[in-house]
Amino acid sequence: MSEHPSRRPDFAELYDRHFAPVYNYVLYRVGDAAAADEVVSRVFERALDRFGGYDARRGEPGAWLFGIARNAVNDHFRARRWLAWLPDELVERADAPASDALVADEERRGLRLALRGLDAREREILALKFGGEMTNRQVASHLGLGESHVGVIVHRALKRLRAELEERA
Amino acid sequence: MSGRFEDLDPDDRELARRLSRADFSADSRVRESLRARLLARGRAPRRSPLAPALTAAALAALLVVPLRTFLLRTAARPRYARGEHGLPVLPGRFDSDAAGAPVVEETATGRRVVWNVDGDSYILESRRITADELFVVRRH
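Overview of the structure. Please read all numbers here as calculations on a predicted model, not as lab measurements.

Residues and elements named next belong to chain A. Scanning the model with the defined rule gives 10 aromatic pairs over all chains in all. Here Phe51 and Trp64 contribute two aromatic rings whose centre-to-centre distance is 6.3 Å and whose plane-to-plane angle is 45°, an arrangement assigned as tilted. In this pair, Phe51 is assigned in the loop between α2 (33–50) and α3 (61–79) and Trp64 in helix α3, connecting sequence segments 13 residues apart. Measuring from centroid to centroid gives 4.7 Å for Tyr54 and Trp64, while their planes differ by 35°, and the two rings are tilted. Pair noted here: Tyr54 is in the loop between α2 and α3 and Trp64 is in helix α3, with a separation of 10 residues, a long-range link. Put simply, the rings of Phe11, Phe51, Tyr54 and Trp64 touch in pairs and so form one group of aromatic residues. Just above the ring of Phe130 sits the side chain of Lys129; from NZ or CZ to the centre is 5.7 Å.

Residues and elements named next belong to chain A. Where helix α1 (residues 11–30) bends most, the angle comes to about 50°, and this point is His18, followed within four residues by the proline Pro21. Most of α1 is tucked away, with 17 of its 20 residues classed as buried. Between a side-chain oxygen at the N-terminus of α1 and the backbone nitrogen of Ala12 the separation is 3.3 Å; the capping residue is Asp10. Positive phi appears at Gly31, one or two residues downstream of α1, with a value of about 90°.

What counts and how
- Residues numbered from 1 in each chain as written.
- Chains lettered and ligands numbered in written order.
- Predicted model: local features only at pLDDT ≥ 70, side-chain atom pairs only at ≥ 80, totals over all residues.
- Heavy atoms only, no water.
- Phe/Tyr/Trp six-rings, centres within 6.5 Å; stacked < 30°, edge-to-face > 60°.
- Helix = DSSP H or I, 4+ residues; strand = E, 2+ residues; numbered from the N terminus.
- Lys NZ or Arg CZ within 6 Å of the ring centre and 35° of its normal.
- Bend = angle between axes of the 7 residues up to and from the residue.
- Buried < 20%, exposed > 50% of the residue type's maximum accessible area, 1.4 Å probe, protein only.
- Polar contact = N/O pair within 3.5 Å; in protein donor to acceptor, adjacent residues only side chain to side chain.

Laid out in structure tokens, this is it:
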């Protein structure tokens, strides 16, 4: 996620460079493609609204975008809190897009489902590290944690994720 | 348990590789349409965030001139009270001792009030007139 610190990209460039990492980050956290599309749309809409005030000298555009993405995901969870009283099966059905079963890449689908077995903190850290393509140091700086703490959580989360995948296999 | 890639056991390392390779954005159904929509919006002339404030200021400026004129006229207009016979009580002041009490007289055509001040008579008269009398100058 390292970029030239002071050159301000145009919005199309920002979108093309960061769509995939932002989308991956969001999907790690929200767990399904339809919700990820919704949240990512909100992220880039907000980014466009605020793009005029973005100052490249104050931080990389990626870090700026991930700040917006993180707030958008939190807003998404807040807005969906009312679903908590519904039975799990209904929520699962509401989460999954109708054509989910048709998604060709079973690898991605399997990972996505297994990620639901992690807790919020583990998902957030894997989301930043693997979805957002950040180093442990960048994740730590983004979340205000120690780098070694992030390393420990990554390690533990990978073990749990592997267990989830094996269980589902 | 540092979390560094080289410290992971082989299975976790393989899983980390899988995660790094996995690009979920291939599942997005909005990537292209969102891009087109946002870039079109970015090209459209944008409303200044100050626009509402400027509009309000312009409206206020438009209202100030007639409002000021109205207030000045209202402030300058003397306030009349109604007297005993429904006649307006004029805000005249006769602070000289020479001013006698006004005399109200009923006339054949109306009513008049006469003040005698320092030997001069000041008359306020109301009477019915015809349209022809409107511009006739009468001298007493």
